[in-house]
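One-letter residues, chain by chain:
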Amino acid sequence: MFIGVPKEIKADEYRVGLIPSTISELVAQGHDVVVETRAGQGAGIGDGEYTAAGARIAATADEIFKQSELIVKVKEPLASERMKLRRGQIIFTYLHLAPDPEQTYDLMKSGVTAIAYETVTDAAGKLPLLAPMSKVAGRMAPQVAAHYLERPSGGRGILLSGVDDVPSAKIVVLGAGVVGQNAADIAIGMGAEVTVVARSAETRHSLWQLFRERICIAGASQATIEALCTSADVVIAAALVAGATAPKLISSRTVAAMKPGAVIVDVAIDQGGCAETSRPTTHSQPAANMPGAVPRTSTFALNNATRPFILALANKGFPRALEEDAHLRNGLNVHDGKMTCRAVADALGLPFTPAEQVLAAA
């Protein structure tokens, strides 16, 4: 199979879709891999490392999109990239389609087969390709919040840990999944006063077993969320519904009632965000893609997770790889103009076609 890795062009995105060790495996198994020049530079991987692994270096993205049967990226294809996609081609990357109708329509129109990292599952029903970036984002959230709490950044001028008899900052974490647990762990280590909001009693019990008296735990009623947010110095929004638009847990009224200079870190922004007022930004103003700020760590963590699925797609092709793996099949969002992810179909009001049906016709 001909596999292409273009350089990411989204603002402040420095990760890359494949690392040299995975390319070595692909080449050893008879596949051709081409990497756009300087694609790995932001993650500290030079063109020479890719050529040593057996890849060929392409001067432009056009060459990659034109020749590749499988395109491996990190972020969703932007409009200029979507114009280059075609029927019979596979793109494997984060897509986050539910809050992005324009991208969804373009992918459907192109006829491409689009497999989303964020909806691939595992035997436990979890999201193994979302988990590594969720860990990174969760661990970064308190340090990002600490920066924006500083007065020069427009914050309240509060040190997360406090000092001597001055109290520490109050951090509220909405959601107790991978992001929420990692955010709570780091926030505790930074000395903050942490409250985690979780919907189910089972999750709250798990939190208690994990953190004990180091955190406060609360249920997820709207009244509780509003009260906690308006008394918080930092709110880390980490609620997720797989593939779907993130739940709007923080109303615009609640945002308006928060302390002046308080900080919201909406980690769910790729799926539309948990606050009604949230909108995507960049690291320059100020951040929408936190794992992209630590691209080397994030690239290697992500590739460790995606590697077996990439090898399966390369070795077995489409549709066999998806027919033989229900978890990879769950990643199929778009094929030949059809929407195959129910959560996205529901969010955008599109007709839904089961993946099994399109695979049978492939």
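Residues numbered from 1 in each chain as written. Predicted model: local features only at pLDDT ≥ 70, side-chain atom pairs only at ≥ 80, totals over all residues. Heavy atoms only, no water.

Caption draft 1: Quick peek at the packing of aromatic side chains. The final tally for this structure, using the stated rule, is two aromatic pairs. When the centroid spacing of 4.7 Å and the interplanar angle of 80° are considered together, the rings of Phe 92 and Tyr 117 count as edge-to-face. Of the two residues, Phe 92 sits in strand E5 (residues 90-93) while Tyr 117 sits in the loop between strand E6 (113-116) and helix H6 (131-149), which places them 25 residues apart along the sequence. Accessibility assignment for this pair places Phe 92 and Tyr 117 in one class, buried. Through successive ring pairs, a cluster of aromatic residues spans Phe 92, Tyr 94 and Tyr 117. (Phe/Tyr/Trp six-rings, centres within 6.5 Å; stacked < 30°, edge-to-face > 60°. Helix = DSSP H or I, 4+ residues; strand = E, 2+ residues; numbered from the N terminus. Buried < 20%, exposed > 50% of the residue type's maximum accessible area, 1.4 Å probe, protein only.)

Caption draft 2: Broad picture of unusual backbone geometry. Cis rather than trans, the peptide bond between Phe 318 and Pro 319 has omega equal to 15°. Within the fold, Pro 319 resides in the loop between helix H11 (295-316) and helix H12 (320-323). Backbone geometry places Asp 164, a non-glycine residue, at a positive phi of 50°. Following the sequence through the fold, Asp 164 ends up in the loop between H6 and strand E7 (170-174). A positive phi angle is found at Arg 212, which is not glycine, with a value near 55°. Considering the arrangement of structural elements, one finds Arg 212 in the loop between helix H8 (201-211) and strand E9 (216-218).

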